[in-house]
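Close look at the chain arrangement
The primary structure of each chain is shown beneath.
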Amino acid sequence: MSDNNISHDSTDCDELSIPSTDDVSDLVDALDGNGISRARALVMAGIDSVACLAACDPASIGKLPSFGGATAYDVVGQARTSESVAESQPDTDSDDESD
């Protein structure tokens, strides 16, 4: 027998939650090559939108699980491109109508 005195408080495990597929679907849909695993890693790191990802340093993203340097630069680049395209689109929700 081992003399390891490892205590386990089950309440610590209750705080850990893995994002569901629904929680990460926007990131999966918006970015090519970004599957569930990478999207979950992003959400668990606090990056829950394409806009948030676009503001990130690719080197920091490369340190997350399921990412490497090249993948991180690619995914952040896609997010930035996606955000600049979205910003250049006219606002279709406007109540102003020209006659």
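Data block above holds the structure.
Anyway, here's the lowdown on the structure attached to this text. As the structure is a prediction and not an experimental result, all values here were calculated from the model.

Along its length, the protein carries six helices and zero strands. Listing every helix and strand of the protein by position from the N terminus yields α-α-α-α-α-α. Counting every position in the protein, which comprises 99 residues, the buried fraction comes to 23%. A separation of at least 24 residues holds for 35% of the contacts in the protein among residues at least 6 apart in sequence. Accessible surface, the protein: about 7,100 Å² in total, of which carbon and sulfur atoms supply 45%.

Assignment of secondary structure puts Ser 17 in the loop between helix H1 (10-15) and helix H2 (21-30). Residues Ser 17 and Met 44, 27 residues apart in the sequence, show an inter-C-alpha distance of 8.6 Å.

All right, on to helix H3 (residues 36-44) then. Residues of H3 that are buried: Ala 39, Ala 41, Leu 42 and Val 43. Against the buried residues of H3 lie H2, helix H4 (50-54) and helix H5 (58-61). Immediately downstream of H3, the backbone of Gly 46 shows phi near 95°, a positive value.

Attention shifts here to the side chain of Gln 78. With respect to the secondary-structure elements, Gln 78 resides in helix H6 (residues 69-88). What Gln 78 contacts, discounting residues up to four positions off in sequence, is Ala 30, Leu 31 and Asp 32.

Let us look at the nonpolar core. Within the largest apolar cluster, 19 residues are counted, with the highest numbers of intra-cluster contacts made by Leu 27, Leu 42, Leu 53, Ile 61 and Phe 67. For this core, the secondary structure elements donating two or more residues are H2, H3, H4 and H6. The residues touching Leu 53, leaving out its near neighbours within four places in the chain, are Leu 31, Leu 42, Ile 47, Ile 61, Val 75, Val 76 and Ala 79.

What follows covers unusual backbone geometry. Phi angles above zero are rare outside glycine, and Ser 66 is one such case at about 80°. The residue Ser 66 is located in the loop between H5 and H6 in this model.

Relative to the elements of secondary structure, Asp 29 occurs in helix H2. Separated by 10 residues in the primary sequence, Asp 29 and Ala 39 have C-alpha atoms spaced 9.9 Å apart.

All right, on to the packing of aromatic side chains then. Aromatic ring pairs are defined here through the distance separating the ring centres and the angle between the ring planes. A full pass over the atoms with the stated rule returns zero aromatic pairs. The ring of Phe 67 has Arg 38 sitting right over it, with the charged end atom 5.8 Å from the ring centre.

Bringing the state of the cysteines into the picture now. Tallied over the full model, the rule gives zero disulfides. Looking at the unpaired Cys 56, the closest cysteine sulfur is the one in Cys 52, lying at 4.9 Å. Owing to a relative accessible area of 16%, Cys 56 belongs among the buried residues under this scheme.

What counts, and where the lines are drawn
Residues numbered from 1 in each chain as written. Predicted model: local features only at pLDDT ≥ 70, side-chain atom pairs only at ≥ 80, totals over all residues. Heavy atoms only, no water. Helix = DSSP H or I, 4+ residues; strand = E, 2+ residues; numbered from the N terminus. Buried < 20%, exposed > 50% of the residue type's maximum accessible area, 1.4 Å probe, protein only. Contact = heavy atoms within 4.5 Å. Areas by Shrake-Rupley, 256 points an atom, 1.4 Å probe, with all protein chains shown as cover. Core = buried A, V, L, I, M, F, W, Y, C linked by side-chain atoms within 4.5 Å. Phe/Tyr/Trp six-rings, centres within 6.5 Å; stacked < 30°, edge-to-face > 60°. Lys NZ or Arg CZ within 6 Å of the ring centre and 35° of its normal. Disulfide = S-S within 2.5 Å.

Scope: geometric values only; no functional claims are made or implied.
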